[in-house]
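Secondary and tertiary structure notes
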Amino acid sequence: MAPRSYNKKQKRAMMQNSSKEEPVVSHPPMPWFGMDIGGTLCKLVYFEPKDVTPDEALEEKETLKNIRKYLTKNSAYGKTGHRDTHLQMDDVYIRGRRGTLHFIRFPTSEMDNFLTLARNKGMATLVSTVCATGGGAYKFEQNFKKEVNMRLHKYDELDSLVKGILYVEMNNPHECYYWANLSDDKLCEKREFDFKDPYPFLLVNIGSGVSVLAVYGPNNYKRVSGTRLLYMDSSLGGGTFLGLCSLLTGCNSFDEAIELATIGDNTRVDKLVKDIYGGDYERFYLPGDLVASSFGQMITRERCMRARREDLARATLVTITNNIGSIARMCAQNEKINNLVFVGNFLRVNPIAMKLLARAMDYWSHGTIQPVFLEHEGYFGAVGCLLEIDDS
Ligand SMILES: Nc1ncnc2c1ncn2[C@@H]1O[C@H](COP(=O)(O)OP(=O)(O)O)[C@@H](O)[C@H]1O
Ligand SMILES: CC(C)(COP(=O)(O)O)[C@@H](O)C(=O)NCCC(=O)O
C-alpha cells in the first residue's frame, strides 16, 4: 500500500464514475436515507443536501424541513437513538448533489418505537421508498409497509458493505488507521494509514456475528467464512461478547461492558501457562504469560469469589477477540492475502480489541501483517445502500 497520489476531488470524480454505469443525474432534495438493519443495531445514514436552490427551498415541504431539523439539531433521539456527530462527513457528493452525511444508530430491538416516531414525524406522507440492507430489511419489511407506508428497496448487506467502505475511504482522507508501537502500551497509538492499492484485502466485519470477505476489486469479492468453520461449529461475534458479558457481569450496555473490561484483569480469570508450569513451557516455546485456558481459573470457589466483574468482562473480551483474530489469520493464510481490514461495531469504543487483533496478526505473521481499522466502523452497509438511491 503506497502513498496517496491523487487528490480528494479526483477520487470523488473517480468514485462517481465508477459507482454506476449511467451518467450522474441530479436528484431533488428528498430525504435520502440508507438503513442497515443489523442483528443488534440499526444504522441510519442521512444525506442532507447543502446545495439547495432558492426554488427548491421554496418548494420544500414543511414536514421535510421539520424532519431535517429534528435529525440535524439533535444528537439523541428518544432513550436509545444516537447521532455519532464525530463521524459526520461534510461537503460530500452523492449522485450529483453536495451535502452532509449524518450517522445515526439505535438498537434494532427498538424498531417498533422507531416506526412510531417516523409515523408521528410525518414520514408516511413524505417518502414512499427507503433503501435498506441487513437482515432486518427482510425481517421488518411488512412492518415498514404497515406502520409508515414505506416500501423497502432491499440491497445485499455485503455488497453494500464493500461499496460503503470504498466510498467513505475515498471521501475521508483520515478514514484508515493502524496501531503503531504495539509492543509498548504507553507508546501504542493510532496512525493514519494510506489505503492506496489495497487489493486484494481480507475484510473482517465484526457485527453480531462475523463475516470474512476476500475483496479483489470494487465489484469483485467473495464471502470466505464466518467464525463457524464447520457446519455445526459455534459462531462467535460482537453479540457473543455482549451476551456472555451481560450474563457474567450483569452489565446493561456494550459501553458499560467495555468500561468494565478496560479496568479489568483477565489473568485473574484465565489460566496461564505459568499457572500450570510455574514459568515457560520451554520445550515448545510457550511463554508463561500465554493464556493456556480461557476462564481456566474459574474452577474453584475461591478463585470465582476473587474474580471481579471487570476481570470477567476483560476475560470475555480477550477470549472472543482472540478467537476472531485467529480465524481471520487462518482465512488470510488460506486466501494468501496480507492486507487485513477490520470493521463492525464490535470495534466501537474498543481499542482493547483492536490492539489485541493487531498484536495477534503481528505475532503470527512475524511482522508482515499490519491490520487496518476504519473510523466509520459499523456504518458502511448503510452508506453503501444509500449510494443506491434512485428516482423511485
Ligand atoms: N451501543 C451498542 N449497543 C449494542 N451493541 C453494540 C453497541 N456498540 C457496539 N456494539 C457491538 O457491536 C455489535 C453489533 O455490531 P454491528 O456492526 O452494528 O452489527 P449488526 O449489524 O449485527 O447489528 C454488538 O454485538 C456489540 O458487540
Ligand atoms: C448472518 C450475518 C451475515 C448477519 O450479519 P450481522 O447482523 O451479524 O452483521 C452474520 O452474523 C454472519 O455472517 N454470521 C456468521 C455465520 C457463520 O459463522 O457462518
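The protein chain goes by pantothenate kinase in an unreviewed UniProt entry, where it is assigned to Gryllus longicercus. Recorded under Catalytic activity (unreviewed entry), the UniProt text for the protein chain is reproduced unchanged: "(R)-pantothenate + ATP = (R)-4'-phosphopantothenate + ADP + H(+)". Looking at the Sequence similarities (unreviewed entry) heading of the UniProt record, one finds this comment for the protein chain: "Belongs to the type II pantothenate kinase family."

**Quick notes on the site of ligand 2**
Neighbouring residues of ligand 2: Gly38, Gly39, Glu157, Ser208, Gly209, Val210, Ser211, Arg223, Gly226, Thr227, Arg228 and Ser235. Between ligand 2 and the protein, one listed contact pairs an oxygen atom with a side-chain N or O atom of glutamate 157 at 3.3 Å. Across the complex, the protein chains shield 72% of the 460 Å² of accessible surface that ligand 2 would expose by itself. For the shell around ligand 2, a count of residues per class yields 1 nonpolar, 8 polar and 3 charged.

**Side note on the site of ligand 1**
Around ligand 1, 17 residues are found, and the nearest of them are Thr40, Leu41, Lys43, Ser208 and Arg348. For ligand 1, an oxygen atom lies 2.8 Å from a polar atom in the side chain of lysine 43. Here an oxygen atom of ligand 1 and a backbone polar atom of glycine 238 are 2.9 Å apart. When ligand 1 is considered free in solution it has 570 Å² of accessible area, and contact with the protein chains removes 89% of it. Going through the elements one at a time, β2 (41–49), α8 (238–249) and α9 (254–263) are the ones with two or more residues in the shell around ligand 1. Element by element, the count of residues in the shell around ligand 1 is highest for α8, at 3 residues.

How each quantity is defined
Residues numbered from 1 in each chain as written. Chains lettered and ligands numbered in written order. Predicted model: local features only at pLDDT ≥ 70, side-chain atom pairs only at ≥ 80, totals over all residues. Heavy atoms only, no water. UniProt positions renumbered as here; feature names shortened; annotations may be inferred. Near = heavy atom within 4 Å. Polar contact = N/O pair within 3.5 Å; in protein donor to acceptor, adjacent residues only side chain to side chain. Areas by Shrake-Rupley, 256 points an atom, 1.4 Å probe, with all protein chains shown as cover. Nonpolar A, V, L, I, M, F, W, Y, C, P; charged D, E, K, R; others polar. Helix = DSSP H or I, 4+ residues; strand = E, 2+ residues; numbered from the N terminus.

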